[in-house]
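Summary of the model geometry
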Amino acid sequence: MDPAEVEFLAEKQTVVIIPNFSQDKVYLIGGDVGPFNPGLPVEVPLWMAVNLKQRQKCRIQPPEWMDVGILEEKKQEEIDSPIFQPMLNEHYMEVAQLLLSCATNDIPKADDVRTYIKDIWDIRIAKLRRDRKSVV
Amino acid sequence: MADENEHEEYDSDEEVEMTAADVLLKLEEAWLNEKFAPELLESKSDLVECMLEQIQQMEENLTRCKKGDFRIIIHRMELDRIKYIITSYLRIRLSKIEKFVHHNLEKELNREDSESSKLSNEEFVYAKQYADNLESHLKSVAIKHMPPNLQNFDKDKTAPRPNLESYIFLKVTEDQEGVMVEEETDEHENEIINLEKGAQHIMRYKPISKLVENGSVSLI
C-alpha cells in the first residue's frame, strides 16, 4: 500500500469544523453532511474539511486526542511499557500530518503536538524493530 | 435498461435493502480484501453496478443545477473518490486474472453449479480471449522455432498458481471459534485458535480464506 492510499483511507474519518458560510444539508453518497451555519460546529469527513480549510471557508477544531497533555501522557505510557499501547486513533499519523500541514493556526501549540506525535511514532517503531525477532 | 430492472429485483428479493452508504462501505471492504488476497476473490459486480448507477445519477443532477457552485465542488470530490475505489478494484482483479489466467479458467470450468463464480461474465470473456491471445502469441514468437518434441507442453503443470501460503494481515469483524490453523511441525500438530472481534493478526492466507469469503474477517 503506498502512502497516498493510506492517506486516502485515513481521510474518511470525521472531524469537527466551524464554517464561516451557510449552506443547506448536502446529500453525499456516503452520508449526509450539514447544514452549515456560520459559527456553529458541524462534523464532516476529513477530506472535505481539508478542502474547505484550504479555500478558507472554515476553521478546523482539533480532535480531542490532539492535545499536548494527552499526548505527553501517551508518550510516557509507551516509554514505560515494553509492549504496544492501544493508540488514540487508528490513523493518528495521517490525521496529524494533514491537520498540522493545513490548519496549523487552528491547533494550539502545534509544534509541541508535532514533536510529541513524532516521538510516539519513533518509540513504537523502535519497539517493532527490537521485537521483530520474537515475532518471527 | 433490462439490467437495471434485474438489479432492482435482485436487491429486493434476495437482499435486505441497503442504503448507498452501506454499498459504499461494502465496496471499500471488497477493495481492500481483493488488494491483499493472493488469489482472485468472488466478484462483487452487484456492488460495482449499484455504485456506478449512483455516480451516474449524481452526475446528471450536477449537470442540471448550475448555481450553487459550492456544492458541486464537494460532490465532484466525492465522485472522484468513489471512482478511484472502483477503478482500483477492477484493475486489481484484472491483473490477477491476467497473472493466473490458466488457473482461473480451469477453476471456472470445473466448478460445481452450487458454487458461485469468481469471474463476472465480462471477466470470463476477457479471460478466455486473453488466454487464447497469449497462447497464439507464444506459439508464433517462440514455440514454433523450437525443436518439435518440445513444442507441446502441459498447460496444467506449467501455469502459474497463486501462492495461498503467503502471509496476510487481518482484522476480525465477527467472533470465530475453533479456527484450525495447521502448524508445520514434524508432528503435524493442528493448532486451533479462537478469533475475537476487533483483534488483528498475521497468518497464512489458506486457513482463513473461507472466512474472508463470508465476511467474518477483513484483510488490512
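Here, the structure is the one placed above.
Residues numbered from 1 in each chain as written. Chains lettered and ligands numbered in written order. Predicted model: local features only at pLDDT ≥ 70, side-chain atom pairs only at ≥ 80, totals over all residues. Heavy atoms only, no water.

Here the focus is the interface of chain A and chain B. If you look at the interface, chain A gives 22 residues, while chain B gives 26 residues. When chain A packs against chain B, close to 2100 Å² is buried across both sides, 68% of that on carbon and sulfur atoms. Area buried by chain A at its contact with chain B is led by Phe8, Ile29 and Trp47 of chain A, which between them contribute 36% of it. Inspection of the region where chain A meets chain B yields 4 salt bridges. Where Lys171 of chain B meets Glu90 of chain A, a salt bridge forms, and the shortest distance between an N and an O atom there is 2.9 Å. Linking chain A to chain B there are 10 residue pairs in polar contact (both at pLDDT 80 or more). Of all elements in the fold, only α1 (3-10), β2 (26-28) and α2 (46-54) of chain A reach the threshold of two or more residues within the side of chain A that touches chain B. Considering every element that reaches the side of chain A that touches chain B, the biggest residue donor is α2 of chain A, with 4 residues. (Contact = heavy atoms within 4.5 Å. Buried area = accessible area lost by both parts, 1.4 Å probe. Salt bridge = Lys/Arg side-chain N within 4 Å of Asp/Glu carboxyl O. Polar contact = N/O pair within 3.5 Å; in protein donor to acceptor, adjacent residues only side chain to side chain. Helix = DSSP H or I, 4+ residues; strand = E, 2+ residues; numbered from the N terminus.)

Where like charges cluster on the molecular surface, the negative patch consists of Glu112, Asp113, Glu115 and Glu213 of chain B. Secondary-structure assignment places Glu112 of chain B in the loop between α5 (101-110) and α6 (121-141). (Patch = residues over 30% accessible without salt bridge, like charges linked within 9 Å, V, L, I, M, F, W, Y side chains within 5 Å. Areas by Shrake-Rupley, 256 points an atom, 1.4 Å probe, with all protein chains shown as cover. Lys, Arg positive; Asp, Glu negative; His and termini not counted. Charge placed at Lys NZ, Arg CZ, Asp CG, Glu CD.)

Before going further, it helps to spend a moment on the packing of aromatic side chains. Enumeration over the complete set of coordinates arrives at 5 aromatic pairs over all chains. Here the aromatic rings of Phe8 of chain A and Trp31 of chain B are separated by 5.9 Å at their centres, their planes lie at 90°, and the arrangement is edge-to-face. Separated into two different chains, Phe8 of chain A in helix α1 and Trp31 of chain B in helix α2 (residues 20-36) make up a pair that spans both. With relative accessibility at 12%, the residue Phe8 of chain A sits in the buried group. Overall, Trp31 of chain B belongs to the buried group, its relative accessible area being 0%. On the numbers, 6.1 Å between centres and 25° between planes, the contact of Tyr126 of chain B with Tyr130 of chain B is stacked. Of the two residues, Tyr126 of chain B and Tyr130 of chain B both sit in helix α6, 4 residues apart, roughly one turn of that helix. Tyr130 of chain B gets classed as partly exposed once you look at its relative accessible area, which sits at 24%. Joined through ring pairs, the aromatic side chains of Phe8 of chain A together with Trp31 and Tyr84 of chain B make up one cluster. (Phe/Tyr/Trp six-rings, centres within 6.5 Å; stacked < 30°, edge-to-face > 60°. Buried < 20%, exposed > 50% of the residue type's maximum accessible area, 1.4 Å probe, protein only.)

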